[in-house]
Amino acid sequence: MSDHEDHKAESLMEKISDKIHGKDDSSSSSDSDDDNKISAMKSKVFRMFGREKPVHNVFGGGKPADVLLWKDKKVSGGILGGVSIIWFLFEVLEYHLLTLVCHSLILTLAILFLWSNASAFINKSPPKIPQVVIPEKPVLEIVSTLRIELNKGFAAIRDIASGKDLKKFLSVIAGLWFVSIISNCYNFLTLVYILVVLLFTVPVVYDKYEDKIDPHAEKALIEIKKQYAVFDAKVLCKIPRSMKELKAKKKV
């Protein structure tokens, strides 16, 4: 009898364990289904500029992205503070570039000269002035990249000025006119400073609050598309693509 009862107990425990394992499998499968649903929902969420990567990867990752997103606060604060000091000197104190360079060199040379001569009297080692040498390879790479971009710009200007696309020509003229209005309100240095401040504030704010910003951006984009569709139907569609098309319309 005892053997029979032990066998019943063992079979009962096996059934219970099978049920538990079955529940675990079902729960794990349900968890995986939930994860798949969550990932699918995240992929359907609207992201600005149609991006699928994190903001850090959008800026190329590495050191530049760390600086712009304030991952390295000392470097980011130092760059933004340095740019702010330069803007303050030139715009508020109305310093001139050549004057600032000359005064900075005078102060640096005077400090180094006095330190070098005074080190013999105070029994301290003279300052170690580093030897600055500009390497050839980075300079050639920068010049080569600049050359490629300038050639692309000249090719775009040539294509616009050739009269093949009247709509593109008018849009470029409108953009340049808008930039001229903005530059008339601010000088070049102030515009550069504003762009630097925006570059160091907008990405980090968006990276922190992207889940709240993206829904509003989606609504704004939908509204912009509606207004552009109306503008395209009423104005842009009536503009000929080229001068040949304009002449053909005149003949008709």
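As shown above, the structure is provided for reference.
Okay, so let's go over this structure. Keep in mind that what you see is a predicted model, and the values were worked out from it rather than measured. Numbers given for residues are sequential positions, taken from 1 along each chain in its written order. Given that the model is predicted, a residue must reach a pLDDT of at least 70 before its local features are reported, and side-chain atom pairs must reach 80 or more before they are shown or counted; all residues, however, enter totals for whole chains, interfaces and linings. Calculated side-chain values reflect all of the structure's heavy atoms, with hydrogen atoms and water omitted.

**Description of the overall build of the protein**
Let me state the cut-off plainly: Numbering of helices and strands runs from the N terminus, with a helix taken as a DSSP run of H or I at least four residues long and a strand as a DSSP run of E at least two residues long. Burial status follows relative accessibility: with a 1.4 Å probe on protein chains alone, a residue under 20% of its type maximum counts as buried, one over 50% as exposed, and anything between as partly exposed. All accessible-area figures derive from a Shrake-Rupley calculation using a 1.4 Å probe, and residue coverage is judged against the displayed protein chains alone.
The secondary structure content of the protein amounts to ten helices and zero strands. By the burial criterion, 12% of the 252 residues in the protein qualify as buried. On the protein, roughly 20900 Å² of surface is accessible, and the fraction owed to carbon and sulfur atoms is 67%.

**Examining the pattern of salt bridges**
As a reminder of what qualifies: Throughout this description, the term salt bridge denotes a Lys or Arg side-chain nitrogen within 4 Å of a carboxyl oxygen of Asp or Glu.
In this structure the tally under the stated criterion is two salt bridges. Of the charged contacts in the structure, one is a salt bridge between lysine 63 and aspartate 72, with a shortest N-O distance of 2.9 Å. The exposure class assigned to aspartate 72 is partly exposed, which follows from its relative accessible area of 25%. Ionic pairing is found between aspartate 159 and lysine 168, a salt bridge with its closest N-O pair at 3.5 Å. Aspartate 159 gets classed as partly exposed once you look at its relative accessible area, which sits at 33%.

**Quick notes on the side chain of serine 76**
The condition is simple: Contacts between residues were defined by any pair of non-hydrogen atoms, one from each residue, lying within 4.5 Å.
Tracing the backbone through its elements, the reader meets serine 76 in helix α4 (residues 73-92). Those residues in contact with serine 76 that lie beyond four places of it in its chain are Asp66, Val67, Trp70 and Phe200.

**Describing the packing of α4 against helix α8 (residues 188-208)**
The condition that has to hold: Each axis is a line fitted through C-alpha atoms, taken for helices only over the stretch in contact, and angles between the N-to-C directions span 0 to 180 degrees. Each angle receives one of four descriptions, namely roughly parallel if under 35 degrees, roughly antiparallel if over 145, roughly perpendicular if within 65 to 115, and oblique otherwise. By definition, turning the near helix anticlockwise from the far helix through less than a right angle yields a left-handed crossing, and turning it clockwise yields a right-handed one. Gly is placed with the polar residues, together with every amino acid not listed as nonpolar (Ala, Val, Leu, Ile, Met, Phe, Trp, Tyr, Cys and Pro) or charged (Asp, Glu, Lys and Arg).
Their axes nearest at 11 Å, the elements α4 and α8 cross at an angle of 160 degrees. In terms of orientation, α4 and α8 fall into the roughly antiparallel class. Our pair here, α4 against α8, has a crossing hand that is left-handed. For the pair α4 and α8, the contacting residues are Ser76, Ile79, Leu80, Val83, Ser84, Trp87, Phe90 and Glu91 in the first and Leu189, Thr190, Tyr193, Val196, Val197 and Phe200 in the second. Considering only residue class, the contact of α4 with α8 consists of ten nonpolar, three polar and one charged.

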